[in-house]
Amino acid sequence: MSADTFATVLLGALGLIVGSFLNVCIYRLPRGASVAWPGSHCPSCGRPLAWFENVPVVSWLVLRGRCRTCATPISPRYPIVEAITALLFVAAYPAYGPGPLLAVRLLFVCALVVLFAIDLEHQILPNVITLPGIVIGVLCSVLLPPGWPSALLGVAAGGLFPFAIAEVYLRVRGREGMGMGDFKMLAMVGAFLGWPLVWITLLMACVLGIVIGGGALLVSRRGLATRIPFGTFIAVAAALCVYFGDALEYGYARAVRMYLDWAGVG
Ligand SMILES: [Zn+2]
């Protein structure tokens, strides 16, 4: 087995285990419960799970998505989060190779997975993830890419600029377009990815929000006042920037240049 194959298998296995822990965070953080205690148990009958019921993906498939005791259906979110986390871990290796930046990016991706799922289900983005995320992102960026000036600019661009726009929107329209959680999450993205990727994240999240969120609202016919889980789209857009950052930055720069040429500026 080559070193790269070994690293890929190792990262896949690690991703499954970490994904299993992210499931615990996704379930417990919005409910204000500790993620460390007690151990995994059936949310319906409360029975603690045996080790063989806790194997990522496999257990859910073997148990056919039901608790062994009370037969309550277990959400397919569990195996899906585990599989996606494993895929994200494996995909990060060719992008970042072995080294400290790989570890930092994986940590960031874990936060994105948790925020994605919690915002989708509860329409909240817990401070307990976003606020430490901003600090950790800036600290890591002191020694690693994108560097602290870009990270601080990213925090400002991600957190303050959309906040200013939302304030104007609030004054003009009389209701909130984005929540405080969205700004903190964008500031966290800026702290890890820096400027200009946080800006590209915001643009892509808006496009995703309009296309997917708007489409879903039209289908469900609940009207546009329904809150769109914008953090879910920020998570997808930021993840795209983690894996395709260089290409996206290049594409964005080209698009801006083409627009400036077309407009006759510069
Ligand atoms: Zn049960």
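Here is a short report on the structure shown in this document. Residue indices follow the written sequence of each chain, beginning from 1 at its first position. Per-residue local features are limited, in this predicted model, to residues with pLDDT of at least 70; the limit for side-chain atom pairs, both in listing and counting, is 80 or more; totals at the level of whole chains, interfaces and linings are taken over all residues. The basis for every side-chain value is the complete set of heavy atoms in the structure, and neither hydrogens nor water enter the calculation.

## Some details on the overall build of the protein chain
- Looking only at helices and strands, one finds 9 helices and 0 strands in the protein chain.
- Mapped from its N terminus to its C terminus, the protein chain presents α and β elements in the order α-α-α-α-α-α-α-α-α.
- In this treatment the radius of gyration is a C-alpha quantity, and the globule benchmark scales as 2.2 Å times the residue count to the 0.38 power. Against the compact-globule benchmark of 18 Å for 266 residues, the protein chain has a radius of gyration of 20 Å, which places it among compact chains.
- C-alpha extents for the protein chain along the principal axes are approximately 70 × 50 × 30 Å.
- To sort residues, take the accessible area from a 1.4 Å probe on protein chains only and compare it with the maximum for the residue type: under 20% means buried, over 50% means exposed, and anything in between is partly exposed. Within the protein chain, buried positions represent 40% of all 266 residues.
- For the protein chain, restricting intrachain contacts to residue pairs at least 6 apart in sequence, the fraction spanning at least 24 positions comes to 70%.
- About 14600 Å² of surface is accessible on the protein chain, with carbon and sulfur atoms providing 73% of the total. Runs of H or I in DSSP of at least four residues are treated as helices and runs of E of at least two as strands, each being numbered from the N terminus. In what follows, residue pairs with any heavy atoms lying within 4.5 Å of each other are defined as contacts. Working definition of accessibility: Shrake-Rupley area with a 1.4 Å probe, residue cover restricted to the visible protein chains.

## Here we look at the nonpolar core
- Joining through side-chain atoms within 4.5 Å is the link that ties buried Ala, Val, Leu, Ile, Met, Phe, Trp, Tyr and Cys residues into a set, and such a set is a nonpolar core. In terms of nonpolar packing, the biggest core is built from 58 residues, with Phe108, Leu112, Met188 and Leu193 touching the most fellow members.
- Secondary structure elements with two or more residues in this core: helix H1 (3-28), helix H3 (77-96), helix H4 (100-122), helix H5 (127-143), helix H6 (148-173), helix H7 (180-193), helix H8 (197-220) and helix H9 (230-263).
- In terms of residue count, the dominant contributor to this core is H4 (14 residues).
- When neighbours within four sequence positions are excluded, Leu193 is seen to be in contact with Arg105, Phe108, Pro146, Thr201, Ala238, Cys241 and Val242.

## Quick notes on the coordination of the zinc ion
- Each metal's donors comprise the N, O and S atoms found within 2.8 Å of it (within 3.2 Å for Na, K or Ca). Water is not part of the atom list, so some coordination spheres may appear incomplete. Protein-derived ligands of the zinc ion are Cys42 (SG), Cys45 (SG), Cys67 (SG) and Cys70 (SG), with the metal-ligand distances lying across 2.3 Å.
- With 4 donor atoms in place around the zinc ion and angles of 105 to 114° between them, the coordination shape is tetrahedral.
- Here the donor residues of the zinc ion are spaced in sequence according to C-x2-C-x21-C-x2-C. One end of the pair, Cys42, is in the loop between H1 and helix H2 (58-62); the other, Cys67, is in the loop between H2 and H3, and 25 residues separate them in sequence. A four-donor site is called tetrahedral if each angle lies between 85 and 135 degrees; a four-donor site is square planar, and a six-donor site octahedral, when trans pairs exceed 155 degrees and the remaining angles lie between 65 and 115; all other cases are labelled irregular.

## Section: the pattern of salt bridges
- Salt bridges are defined as contacts in which a side-chain nitrogen from Lys or Arg sits within 4 Å of a carboxyl oxygen from Asp or Glu. Within this structure, the stated rule accounts for 4 salt bridges.
- A salt bridge links Glu53 to Arg47, with the shortest nitrogen-to-oxygen separation between them at 2.9 Å. Assigned by exposure class, Glu53 and Arg47 land together as buried.
- Notably, a salt bridge pairs Arg171 with Glu167, separated by 3.0 Å at the nearest N-O pair. Of the two residues, Arg171 and Glu167 are both situated in helix H6; the distance of 4 residues between them amounts to about one turn of the helix.
- For Glu167, a relative accessible area of 25% translates into the label partly exposed.
- Salt bridges sharing common partners tie together Arg47, Glu53 and Arg68.

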